[in-house]
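# Observations on the model geometry
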2 protein chains.
Amino acid sequence: MLYTENIVISQVLEFFGIFSGIEGEYGKMAPFKYGMNSQILDCTVRDGGLVNNWAFSVEFVQDLYEALNEAGVEYMEIGYKNSPRLLKSDGSEGPWRFLNDDFIRKVIPEKKRTKLSALVDIGRVDEADILPRSESPLDLIRVACYARDTEKAAELVRLFHDRGYETTINIMALSNVMDKELNESLAIIADSPVDYVYVVDSYGSLDPNDFRYLIEKFQRTLPNKKLGVHTHNNMQLAFANTLVAAQMGVELLDASVYGMGRAAGNTPTELLLAKLNKPQYEVRPVLGIIEKHMLKLREKDEWGYLIPDMITGMLDEHPRSAMGWRASEKRNCFVEFYDKLTTPEVYYK
Amino acid sequence: MLYTENIVISQVLEFFGIFSGIEGEYGKMAPFKYGMNSQILDCTVRDGGLVNNWAFSVEFVQDLYEALNEAGVEYMEIGYKNSPRLLKSDGSEGPWRFLNDDFIRKVIPEKKRTKLSALVDIGRVDEADILPRSESPLDLIRVACYARDTEKAAELVRLFHDRGYETTINIMALSNVMDKELNESLAIIADSPVDYVYVVDSYGSLDPNDFRYLIEKFQRTLPNKKLGVHTHNNMQLAFANTLVAAQMGVELLDASVYGMGRAAGNTPTELLLAKLNKPQYEVRPVLGIIEKHMLKLREKDEWGYLIPDMITGMLDEHPRSAMGWRASEKRNCFVEFYDKLTTPEVYYK
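Numbers given to residues run from 1 along each chain, matching the order in which its sequence is written. Each chain takes a letter, starting from A, and each ligand takes a number, starting from 1, following the order in which they are written. With pLDDT at 70 or above as the cut-off, local features in this predicted model cover only qualifying residues; side-chain atom pairs require 80 or more to be listed or tallied, and sums for whole chains, interfaces and linings still use all residues.

### Here's the deal with the overall build of chain A
Rules: Secondary structure is summarised from DSSP: a helix means a run of H or I of at least four residues, a strand means a run of E of at least two, and numbering begins at the N terminus for each. Think of it as a crowd count around each C-beta: if 20 or more other C-beta atoms lie within 10 Å the residue is buried, if 12 or fewer it is exposed, and in between it is partly exposed, with C-beta placed from the backbone throughout. Any residue pair is listed as a contact if its two C-beta atoms, each placed from the backbone, are within 7 Å.
If you tally the helices and strands in chain A, you get 14 helices and eight strands. The buried share of chain A, taken over its 349 residues, is 51%. Considering only intrachain contacts with a sequence separation of at least 6, the fraction spanning at least 24 residues in chain A is 76%.

### Some thoughts on the sheet that holds strand E1 (residues 39-42) of chain A
All names here are of chain A. Convention followed: Pairing between two strands requires that DSSP report at least two bridges joining them. Geometry is summarised by axes, namely lines fitted to C-alpha atoms with helices restricted to the contacting stretch, and by angles between N-to-C directions that run from 0 to 180 degrees.
Spatially, eight strands are ordered E1-E2-E3-E4-E5-E6-E7-E8 in a closed barrel, and the strand pairing comes out parallel. For this sheet, the mean inter-axis angle between neighbouring strands, taken without regard to orientation, is 25°. By the bridge criterion, four bridges tie E1 to strand E8 (residues 252-255) in an arrangement that is parallel. Across the sheet, residue Leu41 finds its bridge partner in E8, namely Asp254. In the packing of helix H8 (residues 208-221) onto the sheet, contacts are made with strand E6 (196-200) and strand E7 (226-230), and the angle to E6 comes to roughly 155°.

### Points about the sheet that holds strand E8 (residues 252-255) of chain B
Each strand in a sheet pairs with its neighbour through backbone hydrogen bonds, running either in the same direction (parallel) or in the opposite one (antiparallel). Spatial ordering of the closed barrel is given by E1-E2-E3-E4-E5-E6-E7-E8 (chain B), a layout of eight strands whose pairing is parallel. Ignoring strand direction, the axes of neighbouring strands in this sheet form an average angle of 25°.

### So, the environment of B:Tyr165
Residue and element names in this part refer to chain B. Assignment of secondary structure puts Tyr165 in the loop between helix H6 (150-162) and strand E5 (166-171). Overall, Tyr165 belongs to the buried group, with 23 C-beta atoms counted inside 10 Å. Along the backbone, Tyr165 and Lys81 are 84 residues apart, and their C-alpha atoms lie at a distance of 13 Å. Among all residues touching Tyr165, those that are not within four sequence positions of it are Arg133, Leu138, Asp139, Leu140, Ile141 and Phe160.

### Points about the packing of helix H14 (residues 334-342) of chain A against helix H11 (residues 284-300) of chain B
Packed helices, taken two at a time, are described by the angle their axes make and the gap between the axes. Heads up, the rule is: Each residue is assigned to one of three groups, with Ala, Val, Leu, Ile, Met, Phe, Trp, Tyr, Cys and Pro labelled nonpolar, Asp, Glu, Lys and Arg labelled charged, and all others, Gly among them, labelled polar.
Contact geometry of H14(A) with H11(B) gives a least axis separation of 8 Å together with a crossing angle of 150°. Between H14(A) and H11(B), the contacting residues are A:Phe334, A:Val335 and A:Tyr338 on the first element and B:Arg284, B:Leu287, B:Gly288, B:Ile290 and B:Glu291 on the second. Residues of the contact of H14(A) with H11(B), tallied by class, amount to five nonpolar, one polar and two charged.

### Re helix H3 (residues 44-52) of chain A
Residue and element names in this part refer to chain A. Where burial is concerned, most of H3 is hidden: seven out of the nine residues are buried. Those residues of H3 that fall on the buried side of the exposure criterion are Thr44, Val45, Arg46, Asp47, Gly48, Gly49 and Val51. Packed against the buried residues of H3 are E1, helix H4 (58-71), strand E2 (75-80) and strand E3 (115-121). Trailing H3 by a residue or two, Asn53 shows a phi angle of about 55°, which is positive.

### Comments concerning the pairing of strand E7 (residues 226-230) of chain B
Residue and element names in this part refer to chain B. Going by this rule: When the strands point away from the viewer and the connection leading from the first strand across the helix to the second strand turns clockwise, the crossover is called right-handed.
Among the five residues that make up E7, four are buried, leaving the element largely enclosed by the rest of the structure. Here five bridges tie strand E6 (residues 196-200) to E7, and the two strands are oriented parallel to one another. Across the sheet, Val200 pairs through a bridge with His230, a residue of E7. The parallel pair E6 and E7 is bridged by helix H8 (residues 208-221), and the resulting crossover is right-handed. Pairing analysis gives two bridges linking E7 to E8, with the strands arranged parallel. Its bridge partner being in E8, Val229 is matched across the sheet by Leu253.

### Thoughts on unusual backbone geometry
The phi torsion at A:Asp316 lies on the positive side, around 60°, for a residue other than glycine. Here A:Asp316 lies in the loop between helix H12 (307-314) and helix H13 (320-326). Note on A:Asp316: 16 C-beta atoms within 10 Å, which makes it partly exposed. Non-glycine residue B:Trp54 carries a positive phi angle of around 60°.

### Structural notes on the domain arrangement of chain A
All names here are of chain A. Put simply, the rule is: For the domains described, the bounds stem from an automatic or database domain assignment.
Here chain A is partitioned into domain 1 (21-300) and domain 2 (307-346). Here the C-alpha centre of domain 2 lies 27 Å away from the C-alpha centre of domain 1. Counting from both sides, the interface comprises ten residues of domain 1 and, opposite them, eleven residues of domain 2.

### A word on the pairing of strand E1 (residues 39-42) of chain B
Where E1(B) lies against strand E2 (residues 75-80) of chain B, two bridges are found, and the strand directions are parallel. Bridge assignment links B:Leu41 to a residue of E2(B), and that residue is B:Tyr75.

### Points about the environment of A:Lys217
If you trace the backbone, A:Lys217 turns up in helix H8. For the pair A:Lys217 and A:Asn183, spaced 34 residues apart in sequence, the C-alpha to C-alpha distance is 9.6 Å.

### Brief notes about the environment of B:Leu64
All names here are of chain B. As for its position among the elements, Leu64 is in helix H4 (residues 58-71). On the basis of neighbour counts, which here come to 27 C-beta atoms within 10 Å, the residue Leu64 falls in the buried class. Expressed as a C-alpha distance, the spacing of Leu64 and Pro223, which sit 159 residues apart in the sequence, is 34 Å. When residues no more than four places from it in sequence are discounted, the contact partners of Leu64 are Thr44, Val45, Met76 and Ile289.

### Considering the packing of H6(B) against helix H7 (residues 179-190) of chain B
Residue and element names in this part refer to chain B. Spelled out, the test is: Every angle not falling under 35 degrees, over 145, or within 65 to 115 is termed oblique; those three ranges are roughly parallel, roughly antiparallel and roughly perpendicular. Left-handed is the label given to a crossing in which the near helix is rotated counterclockwise from the far helix by less than a right angle, and right-handed is the label when the rotation is clockwise.
Following both chains from N to C, one finds H6 and H7 inclined at 15°, their axes separated by 9 Å at the closest point. Between H6 and H7, the interaxial angle falls into the category roughly parallel. For the pair H6 and H7, the crossing hand works out as right-handed. Here H6 contributes Thr150, Glu151 and Ala154 to the contact with H7, which in turn contributes Ser185, Ile188 and Ile189.

### A closer look at the confidence of the model for chain A
Residues and elements named next belong to chain A. Put simply, the rule is: Confidence of the predictor at the level of single residues is given by pLDDT, which spans 0 to 100.
Per-residue confidence for chain A gives a mean pLDDT of 90, with 89% of residues at or over 70. When the criterion is pLDDT under 50, residues 1-8 qualifies, and its contacts beyond four places in sequence or with other chains add up to nine contacts. In the model, residues 10-30 has pLDDT below 50 throughout and makes 30 contacts with residues more than four positions away in sequence or in other chains. Confidence estimates for the predicted assembly give a pTM of 0.90 and an ipTM of 0.89.

Now the structure itself:
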């Protein structure tokens, strides 16, 4: 093809906000393979803990670790590594809320292929809790922040990086961030030693075109960083959005078994295992976890496609109002909830 | 742009199997608008009837019709128009299984904006049951067939067309049809008077790239026909697949309220209403139907994301084995079901 023709093609592709990340794949005539370069991070214990106050038994976490290993899942997020002193704890939460390295080692005395990760929040971490990686069972530490706190996140990341961990920055609620602010965040991140940068759909309001747009932007702005995606299923688009990421070469894909996660939950791990074109993946062990554990957990606590969560998703809002509504006696009064959220002047009544 | 550049662009787009249907939209710089040219066909009563043996009350169907009208939904499928003489009836099914025109008129004495449709199966229709459209409450008759029966479907379509109805042909189980056979079917359809031709994902096994590929093929092969899509949610991709269709300009989008339909169910009507860029659509009336009726229906009968249905979806099989499994005492033994379906030599044990 002529040089000018190549330019035109690039412009067309760029206009559509797609495929920029897989031009190499296009060259290989395999544009529709999913996830050859992707790894799965299962966050059932961490994000699912937001549903059940981290009341997972040790047996559950051990069974999950074994199953994820057998399934070929690369990372298991075993909880939060925040400090109970810095985050008001009433003592009711399970041990995965404030991870302790010695405890992790008791739960998983022998680590196999699947690496362990933990999430921290800005301002909730006690540096003294973070041992050098060589002395810790953790491999990856992820920092969640809002765009306004990117400087603080980058500072934390440097600490973890210096202590030997793999690191991520997960900017939350991207759908509510102005482009100007996001560009400033990405500039800070470009200068940090972070390994993975996440596109996070906190409100479950983004669709596959939105993900293409954001991933393309991140890839263009951060050519030396690997990327990740974290999705929510409020609009039943979590899995489809994750497939877009896999197709564009995003390196880390968050998922949780049976979709267990806050409100509408996440991309189901079992669907990624069934669909991604990676020979090592096996869905069968995770089906065993669903059968043995998840059905019982779902009877006790709720997550998944629930109408109030769908409503906050379509309105691009935090699901906290939906979760509060579901906890009230009006839990199934969907029209009233919808009216509340779409009628600003009565919202605070 | 030069002529050669345009050719190149078309070739690139064609290679990716996308956007062929919205080149006009691209010209208007609005490629990511969903469904400006699409209409919704709600098939809750018809496909949902496969879940509950059509045991919907008259009140339910009347409430649904009112709500769909208020929501701006263009078509409501009120059931099957097969003959009870040609399809063994044990008399246990609800009246929406074998629609009678007089009965429809009693249920919906005053038709509003929302048109009425019915589905028929090959070999199950008594021509004498089909009045001229001017004497019938029905507007649209849809013919479902497997590819091998396309000739018969085209014959039926001609009958309905001659009696004044809008018509569709829905070739089922496209994922299990060889390209050679599909091309023969499409050639027959091209010569028929049918208005809409459907891409049907009977097994819920197709992903957004598969839909792009099929829709592009149908658009190229049938330039004078309008298209429709019917999706199933086994892999949680029904809504994402429908959005691809809407973006490509597909004219009829099937959906059901709260996703009620066989096995994993369909694209939820409420999600389409919330997402499509069509000013007339209102999600609120359908939220009212979910609140008043669907939760109770879901307590009595099951549909949605259930693991056996996910397994038949990933294996690209008819969900009948999953439905049978769910009706057995082993309903939650997912690993055993998976082993059965992936170990051919024990399948018939």
